[in-house]
Amino acid sequence: MDDNPATGQCLCGAVTFRISGEFQSLFLCHCARCRKDSGSAHSANLFSSTARITWVTGEENVRTFRLSGSRHMKSFCSDCGSALPVSQPEVGLLVVPAGSLDSRIDIRPNAHICCSSRANWDNDLASIERIDGLPG
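Residues numbered from 1 in each chain as written. Predicted model: local features only at pLDDT ≥ 70, side-chain atom pairs only at ≥ 80, totals over all residues. Heavy atoms only, no water.

1. A look at the sheet that holds strand β8 (residues 83–84)
Working step 1: Taken together, three strands build an open sheet; the order of strands is β6-β7-β8 and the sheet is antiparallel. What marks the edges here is a single partner per strand, and that holds for β6 (62–66) and β8.
Working step 2: With two bridges joining them, strand β7 (residues 73–77) and β8 adopt antiparallel strand pairing. By the bridge assignment, Phe76 is partnered in β8 with Ala83. (Pairing = 2+ DSSP bridges. Helix = DSSP H or I, 4+ residues; strand = E, 2+ residues; numbered from the N terminus.)

Written out as structure tokens, the structure is:
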């Protein structure tokens, strides 16, 4: 048993979970599917072939969408729509949206992937002004 499991929840707090085990990788995926899922430039997902998820509260609120003809899956809260972990036992994988975790994670992204599909505005983002709060 993991002595210090990662914990997370959806935005509305209806769904809470605990992840026991280690993450092997963190990828920032720029494919069109992940951009649609996230509504942003990329998704940030942690991957593990050994970690296990325990739904602490709200498991009945978890919905999973599988894109027909693909292995692409997304789990989300049926109340607020927040991205949630998805277990893919057929390929031995747990995929956890990094932003769904409340716990600190000690892994840096391994790579930006599917960069050939990157949004045309997703260039040199490090050079853009950084504001600590909201603009204005």
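Having seen the structure, we can now continue with the description.
2. Here's the deal with the UniProt feature "domain: CENP-V/GFA" (unreviewed entry) in the protein chain
Working step 1: Taking the numbering used here, the UniProt-annotated feature "domain: CENP-V/GFA" (unreviewed entry) corresponds to residues 6–122.
Working step 2: When the span residues 6–122 is considered, its composition is 6% helix and 42% strand, and the gap between its end C-alpha atoms is 30 Å. (UniProt positions renumbered as here; feature names shortened; annotations may be inferred.)

3. Re the sheet that holds strand β2 (residues 16–20)
Working step 1: If you trace the three strands from one edge of the open sheet to the other, you get β1-β2-β5, paired in antiparallel fashion. Strands at the two margins of the open sheet, each flanked by one partner only, are β1 (6–9) and β5 (52–57). Each neighbouring strand pair of the sheet contributes to a mean axis angle of 25°, computed without reference to strand direction.
Working step 2: Here five bridges tie β2 to β5, and the two strands are oriented antiparallel to one another. Its bridge partner lying in β5, Thr16 is registered against Thr57. (Axes fitted to C-alpha atoms, helices over the stretch in contact; angles between N-to-C directions.)

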